[in-house]
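# Commentary on secondary and tertiary structure
The chain contents come next:
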Amino acid sequence: MTSPRVVELRKNVMNRHDRKAALLRRHFESTQTCVVNLVSSPGTGKTELLTEILSALISSGASAAALVGDCATDNDAKRLEASGAPVRQIVTEGLCHLEVTMIDQHVQGWDLNGIDFLFIENVGNLVCPSAFDLGESIRVVLLSVTEGEDKPLKYPQMFNSADLALITKMDLAGPCEFDLAVTRTNIETVSPGIPILETSARNPESVQAVVDHLVQLRQRTLTTESVPTDSLSIT
Ligand SMILES: Nc1nc2c(ncn2[C@@H]2O[C@H](COP(=O)(O)OP(=O)(O)OP(=O)(O)O)[C@@H](O)[C@H]2O)c(=O)[nH]1
Ligand SMILES: [Mg+2]
């Protein structure tokens, strides 16, 4: 008779996370900060692409910052800082995903009113991050040409919880004998209607296409009504 109690406890913890994430999302809306959560398996190219996206946004006059989660090291924060954006590393000490409390803690001291885009590079993992709402406005899933076309079918939650899918490292598609049509069909199967963009961190036009798409999504997600920040309490 112990298993129903375990399930009940997990449900309560998740409810607490979701409530906190909803509050944090309202806070980000009140500062007009578009929060983008990047999820993928390890090594898909999140850091390399995000560095290019941050540079392109900053060159266009937008303001952008990034949080990056890893089990250990601040390697990725150091790489992202090359873009000129403010960056903070979240070291999870083995935890396989980021949680909303970590986001809340790591944005402390930043004036969010001056940040148009806050990117969150999640821990590389194609399972756990899909279950954790970080208060983001947009979730982006990345899949590289080296990972195999079947990943969307094997990890459907990661794809059907996302708002945008990026197929990365397209410069390697030929040598990897990557089947783009099959991959697109597989993504469509688990997440009908999701926009899909093909990218390479080494192709500035493909980076710009992602930036343009994110700018459009930001316009759509921003609420017209501003929420007074002093009415929000994140505990
Ligand atoms: N050819 C090619 N290589 C890429 C591209 N993007 C990333 N890489 C390489 O792929 C490797 C992994 O890239 P990262 O950006 O570290 O991947 P990541 O998803 O941030 O990895 P984790 O943070 O460990 O999950 C590195 O050696 C990159 O140089 C790309 O568009 N084309
Ligand atoms: Mg990375």
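Another aspect to go through is the pairing of strand β3 (residues 87-91). Relative to β3, strand β2 (residues 64-70) is paired through five bridges, and the arrangement is parallel. Bridge assignment links Val68 to a residue of β3, and that residue is Gln89. For the crossover from β2 across helix α3 (residues 75-81) to β3, the handedness is right-handed.

All right, on to the nonpolar core then. In terms of nonpolar packing, the biggest core is built from 30 residues, with Val36, Ile53, Phe119, Val140 and Leu214 touching the most fellow members. Going through the elements one at a time, β1 (34-39), α2 (46-59), β2, α3, β4 (117-121), β5 (138-144), β6 (164-168) and α8 (204-221) are the ones with two or more residues in this core. Looking at this core, the element that brings in the most residues is α2, giving six residues. Leaving out residues up to four positions away in the same chain, Val140 has contacts with Val36, Asn37, Leu38, Val39, Leu164, Leu166 and Leu214. The next biggest cluster of nonpolar side chains, apart from the first, holds 19 residues, and it includes Leu67, Met102, Leu112 and Leu118.

Our focus in this paragraph is the sheet that holds β6. Strand order in this open sheet of seven strands is β3-β2-β4-β1-β5-β6-β7, and the pairing throughout is parallel. Looking at strand neighbours, the two that pair on one side only are β3 and β7 (196-198), the edges of this open sheet. When strand polarity is set aside, the average angle formed by the axes of neighbouring strands in this sheet is 20°. Pairing of β1 with β5, which is carried by four bridges, proceeds in the parallel orientation.

Before going further, it helps to spend a moment on the site of ligand 1. For ligand 1, the set of nearby residues contains 18 residues, the closest of which are Lys46, Thr47, Glu48, Asp171 and Ala201. One nitrogen or oxygen atom from the side chain of Glu121 is found 3.0 Å from an oxygen atom belonging to ligand 1. A distance of 3.0 Å separates an oxygen atom of ligand 1 from a polar atom in the side chain of Lys169. Alone, ligand 1 offers 650 Å² of accessible surface; in the complex the protein occludes 76% of this. Mapped onto the shell around ligand 1, the elements with two or more residues apiece are α2 and α3. Considering every element that reaches the shell around ligand 1, the biggest residue donor is α2, with three residues. For the shell around ligand 1, a count of residues per class yields three nonpolar, six polar and nine charged.

Moving on, we get to the coordination of the magnesium ion (ligand 2). Looking at the magnesium ion (ligand 2), the protein donor atoms are Thr47 (OG1), Asp76 (OD) and Glu121 (OE), and they sit 2.0 to 2.2 Å from it. Here the donor residues of the magnesium ion (ligand 2) share one chain and are spaced in sequence as T-x28-D-x44-E. Residue Thr47 is found in helix α2, and its partner Glu121 is found in strand β4; the two are separated by 74 residues along the sequence. With respect to class, Thr47 is no different from Glu121; both count as buried.

Most of β4 is tucked away, with five of its five residues classed as buried. Alternating positions in β4 separate into two faces, Phe117, Phe119 and Glu121 on one and Leu118 and Ile120 on the other, with burial throughout. Across five bridges, β1 lies against β4 in parallel orientation. Across the sheet, residue Val36 finds its bridge partner in β4, namely Phe119.

Rules used throughout
- Residues numbered from 1 in each chain as written.
- Chains lettered and ligands numbered in written order.
- Predicted model: local features only at pLDDT ≥ 70, side-chain atom pairs only at ≥ 80, totals over all residues.
- Heavy atoms only, no water.
- Pairing = 2+ DSSP bridges.
- Helix = DSSP H or I, 4+ residues; strand = E, 2+ residues; numbered from the N terminus.
- Right-handed = clockwise from strand over helix to strand, strands pointing away.
- Core = buried A, V, L, I, M, F, W, Y, C linked by side-chain atoms within 4.5 Å.
- Buried < 20%, exposed > 50% of the residue type's maximum accessible area, 1.4 Å probe, protein only.
- Contact = heavy atoms within 4.5 Å.
- Axes fitted to C-alpha atoms, helices over the stretch in contact; angles between N-to-C directions.
- Near = heavy atom within 4 Å.
- Polar contact = N/O pair within 3.5 Å; in protein donor to acceptor, adjacent residues only side chain to side chain.
- Areas by Shrake-Rupley, 256 points an atom, 1.4 Å probe, with all protein chains shown as cover.
- Nonpolar A, V, L, I, M, F, W, Y, C, P; charged D, E, K, R; others polar.
- Donors = N, O, S within 2.8 Å, 3.2 Å for Na, K, Ca; no water.

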